[in-house]
Amino acid sequence: MRFDIVTIFPAMVEDGLRAGVVGRAIDRGVLAARVHDLRSFTTDRHRVVDDVAYGGGPGMVLKPEPILRAIDAVAKEIGAAPRVLLTSPQGTRLTQQVAERLVQSPQLLLLCGRYEGVDERVRSRVDEEISIGDYVLSGGELAALVIVDVVARLIPGVVGDDQSVADDSFSRGLLDFPHYTRPAEIEGGAAGQTGTISDALRVPDVLLSGNHAEIRRWRKRESLSRTLERRPDLLESAALDDEEREILRELIAQQGK
Ligand code: SAH
């Protein structure tokens, strides 16, 4: 899969793409990401990308022509019309489901707005607007990095173990179960209790038992109880198996007591 990102802050996006699984996937060629400096698509000596708004008012607007030229340049490079996403607080809210739809496309071009946003006429070339949440960022770069990250980890081979992606929060409509690593016990930090081991700081016994069936059931139960407690709305559309439905019934019955 290939991402093209058009921005006035290419270094910010490039830095963000270098770390972790996304950076490694790019190095290994599992993923391609090209960052395009919007200023290189200007034609004036001062490489101006923004201008005042018609009708007046505060704030600058990103000019349309450099953005349209950037889209054309990517089209030429890939030999097809790119799928163009505009980062915008007015767009479709990004969720795991939306990411699963976006990953179906072999290529995505992400436009990063700044200031008051982009000239409205750019939208004539946009396939979809994507928002990363109900708040306003000062630019689309962080949103583009979020979109690349969320979509990229769905590409087989980007995250080392595909099962960990399948278990992640939201992938099946449930929140993930808690994770522990060594050591099995750590010292409690409560005041006046130095040196004591509090129960909260021990790894649950079941995880140390080596009983895989019990561990699997414990994890399902934890996923379900967390989801019930924190995000009960997710349970309405979660795809549960028979065992999970049974556990959920037990949890709800316990809640009622
Ligand atoms: N005046 C615009 C906001 C402009 S913010 C409005 O109210 O709709 C500047 C840029 O930041 C936007 O063009 C967009 O690219 C990005 N941005 C801001 N908030 C965002 C969000 N929640 N999701 C995705 N992109 C966002």
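It should be noted that the structure appears before, not after, this text.
The shown structure was predicted, so the numbers you read here are calculated from the model rather than taken from an experiment.

About the thresholds
Residues numbered from 1 in each chain as written. Predicted model: local features only at pLDDT ≥ 70, side-chain atom pairs only at ≥ 80, totals over all residues. Heavy atoms only, no water. Helix = DSSP H or I, 4+ residues; strand = E, 2+ residues; numbered from the N terminus. Rg over C-alpha atoms; globule rule 2.2 N^0.38 Å. Buried < 20%, exposed > 50% of the residue type's maximum accessible area, 1.4 Å probe, protein only. Contact = heavy atoms within 4.5 Å. Pairing = 2+ DSSP bridges. Patch = residues over 30% accessible without salt bridge, like charges linked within 9 Å, V, L, I, M, F, W, Y side chains within 5 Å. Areas by Shrake-Rupley, 256 points an atom, 1.4 Å probe, with all protein chains shown as cover. Salt bridge = Lys/Arg side-chain N within 4 Å of Asp/Glu carboxyl O. Axes fitted to C-alpha atoms, helices over the stretch in contact; angles between N-to-C directions. Parallel < 35°, antiparallel > 145°, perpendicular 65-115°, else oblique. Left-handed = near helix turned anticlockwise from the far one by under 90°. Nonpolar A, V, L, I, M, F, W, Y, C, P; charged D, E, K, R; others polar. Near = heavy atom within 4 Å. Polar contact = N/O pair within 3.5 Å; in protein donor to acceptor, adjacent residues only side chain to side chain. 1 Å grid on protein atoms, 1.4 Å probe; cavity = no way out; pocket = protein on both sides within 12 Å on 5 of 7 lines; lining within 4 Å. Points joined across faces, edges and corners; volume = space filled by probe spheres on them.

Asks: Help me understand the overall build of the protein chain in this model?
Replies: In terms of helices and strands, the protein chain carries 10 helices and 7 strands. Here the C-alpha radius of gyration of the protein chain, 24 Å, is well above what a compact globule of 257 residues would show, namely 18 Å. Going through the 257 residues of the protein chain one by one, you find that 40% of them count as buried. If you take every contact in the protein chain between residues at least 6 apart in sequence, the share linking residues at least 24 apart comes to 71%.

Asks: Where do I start with the pairing of strand β7 (residues 128-131) in this structure?
Replies: A regular strand places its side chains so that they alternate between the two faces of the sheet. Both faces of β7 are covered, namely the face carrying Glu128 and Ile130 and the face carrying Glu129 and Ser131. Strand direction decides the pairing type here: strand β5 (residues 84-93) and β7, joined by 5 bridges, are parallel. Looking at β7, one finds that threonine 92 is bridged to isoleucine 130.

Asks: Please clarify how the pairing of β5 should be interpreted in this entry.
Replies: Here 3 bridges tie β5 to strand β6 (residues 107-111), and the two strands are oriented parallel to one another. If you follow leucine 86 over to β6, its bridge partner there is leucine 111.

Asks: Sorry, what's going on with a nonpolar patch on the surface here?
Replies: Where nonpolar side chains cluster on the molecular surface, the patch consists of Phe9, Met12, Tyr135, Leu137 and Leu142 and spans about 430 Å² of accessible area. Within the fold, leucine 137 resides in the loop between β7 and α5 (141-152).

Asks: How should I be thinking about the packing of helix α1 (residues 10-18) against α5 in this particular structure?
Replies: The geometry of a pair of packed helices is captured by two quantities: the angle between their axes and the separation between those axes. Relative to each other, α1 and α5 sit at 30°, their axes nearing to 10 Å. Comparing the axis directions of α1 and α5 gives the class roughly parallel. Relative to α5, the crossing made by α1 is right-handed. Here Met12, Val13, Gly16 and Leu17 of α1 come into contact with α5, specifically with Glu141, Leu142, Leu145 and Val148. For the contact of α1 with α5, the residue count by class is 6 nonpolar, 1 polar and 1 charged.

Asks: Looking at this structure, I do not really get the pattern of salt bridges. What am I missing?
Replies: A side chain of one charge can pair with a side chain of the opposite charge if their charged atoms are brought near each other. Inspection of every chain in the model, using the stated rule, returns 24 salt bridges. Across the pair aspartate 15 and arginine 18 runs a salt bridge, and its minimum N-O distance is 2.5 Å. Here the residue aspartate 15 and the residue arginine 18 both occupy positions in helix α1, the gap between them amounting to 3 residues, near one helical turn. Salt bridges here are not isolated pairs; linked through shared partners, they connect Arg216, Arg217, Lys220, Arg221, Asp241, Glu243, Glu246 and Glu250.

Asks: Sorry, what's going on with the site of the ligand here?
Replies: Close to the ligand lie 20 residues; Thr87, Gln90, Gly113, Gly133 and Tyr135 are nearest. Contact between the ligand and glutamine 90: an oxygen atom at 2.8 Å from a side-chain N or O atom of the residue. Note that a nitrogen atom of the ligand is positioned 2.8 Å from one of the backbone N or O atoms of tyrosine 135. For the ligand, whose accessible area on its own is 560 Å², the fraction buried by protein is 86%. Elements with a contribution of two residues or more to the shell around the ligand: β5 and β7. By residue number, the principal contributor to the shell around the ligand is β5, which donates 4 residues.

Asks: Help me understand empty space enclosed by the protein in this model?
Replies: Space left empty within the atom packing is revealed by a probe, the size of a water molecule, rolled over the atoms. Per the stated rule, a full pass over the model turns up 1 cavity of 30 Å³ or more. Put simply, the largest cavity is a space of about 30 Å³. In terms of lining, the largest cavity is formed by Val6, Leu38, Leu62, Ile67, Leu111, Cys112, Gly113 and Val118. Within the lining of the largest cavity, the residues separate by chemical class into 7 nonpolar, 1 polar and no charged.

Asks: Is there a simple way to think about the environment of threonine 42 in this case?
Replies: Mapped onto the fold, threonine 42 is located in the loop between β2 (32-37) and β3 (50-52). The spacing of threonine 42 and valine 165 is 123 residues in sequence and 41 Å in space, taken between C-alpha atoms. Dropping the residues within four chain positions of it, threonine 42 is found in contact with Arg47, Val48, Val49, Pro66 and Arg69. At 2.6 Å, the side chain of threonine 42 and the backbone oxygen of arginine 39 are in polar contact.

Asks: Got a minute to help me understand the sheet that holds β2 in this structure?
Replies: Strand order in the open sheet formed by 5 strands is β2-β1-β6-β5-β7, and the pairing between neighbours is parallel. Each end of this open sheet is capped by a strand with a single partner; those strands are β2 and β7. Mean inter-strand twist for the sheet, computed between neighbouring axes without regard to direction, equals 35°. Lying over the sheet, α5 contacts β1 (2-7), β5, β6 and β7, oriented at roughly 175° with respect to β1.

What is shown is where atoms sit, not what they do.
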